[in-house]
Amino acid sequence: MRKGILSTTAAAAALALGLTACGGESGQTTTSTSSAAPSAPAGKIGVILPDSKSSDRWETADRKYLQEAFEAAGVEYDIQNAQNDKTQFQTIADQMITNGATVLMIVNLDSGTGKTVIDKARSQGVATIDYDRLTLGGGAEYYVSFDNTKVGQLQGEGLVKCLTDKNADKPIVAYLNGSPTDNNATLFKSGYDGVLKPKFDAGEYVKGPEQSVPDWDNTQAGTIFEQMLTQEPDIAGVLAANDGLGNAAITVLKKNNLNGKIPVTGQDATVQGLQNILAGDQCMTVYKAIKKEADAAAKLAVALAKGEKPAATSSVKDPETGQDVPAELMEPQAIYADNVKDVVADGYVTKEELCTGDFAEKCTEAGIQ
């Protein structure tokens, strides 16, 4: 994966030529920057992405779509990835503010770090946007994300559908929740609990082992799930909060010749997750049209950079402060084997990425053009 890095010298050259410089290696803190023409009536926009390990989306989708939107608007921007380093996250924010950012868009690593960055930005007169994850107690001026409770609801409904299809009788369901420091993980759990708890209470399903996975770390998720399966060998369904955690569980199930027999959920519609669905090893995923999210966030950021104060179409309540945060919330979509083609048709993944090797035939069977 190539990611853009722009030095001060390169920035000057890019300003003169209207170009963006790129380079860098995977795993490093990375930057994408662009310079608008000197006459552009907007300030500079800084974006801090969280990492590139928990999900491919941050580098393959969010960075790309935000960059395209900023380029189209002709604004100066700086996109960097903190690579799950809280100290680096704050350092990047300080540098962006020092270098003249008038708008700061962040995907927090946790609410404490996020609030520190937002407080610093506010003290310097910099407008702030929470992107994808709400910073609890942070007081960002806008929040742009998906209806994350609905995401969890779709996961819960998906697991019920797949267990029903398998005629499961009182299945034991394990939970692999997302990071405890990510408010989205709390919202996802609220959504799938709303579907599954009534099943547990009625005795239709049995609540199995449950654990949150620190930092959405897929390696830890594999270890955790292996311990769960040892503790409870009769697990019959896995509510995994995203595709990475789902794949970690599937890897363990494969070692025990249980893949395809035990439904596993996911989220993000990653290539790996979609391939797992086509292979019959993953029950479903939740597709979030990242381009719509990135475009909505970029539109707000550009308006703020121009000194405007746009109205939001919705709001969410910060559970810590009780305050309503102006918000733009996108609708998620459940994806099963019979509609994987929707994700390809939308341009989120390509047929070339998805339909490699043994998956070519499965793609044809799934009607992927």
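Notes on the structure in this doc start here.

Reading the values: rules and limits
Residues numbered from 1 in each chain as written. Predicted model: local features only at pLDDT ≥ 70, side-chain atom pairs only at ≥ 80, totals over all residues. Heavy atoms only, no water. Helix = DSSP H or I, 4+ residues; strand = E, 2+ residues; numbered from the N terminus. Expected span 1.5 Å × (residues − 1). Bend = angle between axes of the 7 residues up to and from the residue. Buried < 20%, exposed > 50% of the residue type's maximum accessible area, 1.4 Å probe, protein only. 1 Å grid on protein atoms, 1.4 Å probe; cavity = no way out; pocket = protein on both sides within 12 Å on 5 of 7 lines; lining within 4 Å. Points joined across faces, edges and corners; volume = space filled by probe spheres on them. Nonpolar A, V, L, I, M, F, W, Y, C, P; charged D, E, K, R; others polar. Salt bridge = Lys/Arg side-chain N within 4 Å of Asp/Glu carboxyl O. Phe/Tyr/Trp six-rings, centres within 6.5 Å; stacked < 30°, edge-to-face > 60°. Lys NZ or Arg CZ within 6 Å of the ring centre and 35° of its normal. Pairing = 2+ DSSP bridges. Axes fitted to C-alpha atoms, helices over the stretch in contact; angles between N-to-C directions.

1. Structural notes on helix α2 (residues 57-73)
Here comes step 1: Under the 1.5 Å per step criterion, the end-to-end length of α2 is 23 Å for 17 residues, consistent within 8% with the ideal 24 Å.
Here comes step 2: Maximum bend of α2: about 25°, positioned at R63.
Here comes step 3: Inspection of α2 places R57, W58, E59, A61, D62, R63, Y65, L66, A69 and F70 among the buried residues, and these make up the whole buried set.
Here comes step 4: Phi for G74, located one or two positions after α2, is positive at around 70°.

2. Details of empty space enclosed by the protein
Here comes step 1: Per the counting criterion, the structure on display carries two cavities of 30 Å³ or more.
Here comes step 2: For the largest cavity, the calculated volume is near 130 Å³.
Here comes step 3: As for the largest cavity, its lining consists of 14 residues, of which W58, R133, W216, D268 and K288 are closest to the centre.
Here comes step 4: Within the residue set of the lining of the largest cavity, elements represented by two or more residues are α2 and α6 (183-201).
Here comes step 5: The calculated volume of the second largest cavity comes to roughly 70 Å³.
Here comes step 6: Of the residues assigned to the lining of the second largest cavity, the class counts are two nonpolar, three polar and four charged.

3. Describing the pattern of salt bridges
Here comes step 1: Summed over the entire model, instances satisfying the criterion amount to 23 salt bridges.
Here comes step 2: Linking D132 and R57 is a salt bridge whose minimum nitrogen-to-oxygen distance equals 3.3 Å. Pair noted here: D132 is in the loop between β5 (127-131) and β6 (142-146) and R57 is in helix α2, with a separation of 75 residues, a long-range link.
Here comes step 3: D132 gets classed as buried once you look at its relative accessible area, which sits at 3%.
Here comes step 4: The exposure class assigned to R57 is buried, which follows from its relative accessible area of 3%.
Here comes step 5: One salt bridge in this structure joins D94 and K120, with 3.0 Å as the shortest N-O distance. Of this pair, D94 sits in helix α3 (residues 86-98) while K120 sits in helix α4 (residues 111-123), placing them 26 residues apart in sequence.
Here comes step 6: According to the relative accessible area criterion, K120 is partly exposed, its value standing at 33%.
Here comes step 7: It is possible to trace a salt-bridge network through shared partners that takes in R57, D62, D132 and E293.

4. Here we look at the packing of aromatic side chains
Here comes step 1: A complete count under the given rule lists five aromatic pairs for this structure.
Here comes step 2: Taking the centre distance of 5.1 Å and the plane angle of 80° together, the rings of Y175 and Y192 count as edge-to-face. Residue Y175 is found in strand β7 (residues 172-177), and its partner Y192 is found in helix α6; the two are separated by 17 residues along the sequence. The pair formed by Y175 and Y192 is uniform in burial state, with each residue classed as buried.
Here comes step 3: Measuring from ring centre to ring centre gives 6.3 Å for Y175 and F200, while their planes differ by 50°; the resulting arrangement is tilted. Separated by 25 residues along the polypeptide, Y175 in strand β7 and F200 in helix α6 bring together distant segments of the chain.
Here comes step 4: Grouping aromatic residues by their ring pairs yields a cluster made of Y175, Y192 and F200.
Here comes step 5: One Lys or Arg, K199, reaches over the ring of Y205 and ends 5.6 Å from the middle of that ring.

5. Focus: the sheet that holds strand β9 (residues 235-240)
Here comes step 1: Ordered by their spatial adjacency, three strands build an open sheet running β8-β7-β9, and the pairing between neighbours is parallel. The outermost strands of the open sheet, each flanked by one partner alone, are β8 (206-212) and β9. Averaged over all neighbouring strand pairs, the angle between strand axes comes to 20°, with direction disregarded.
Here comes step 2: Relative to β9, β7 is paired through five bridges, and the arrangement is parallel. Bridge pairing in β9 links V173 to G237.

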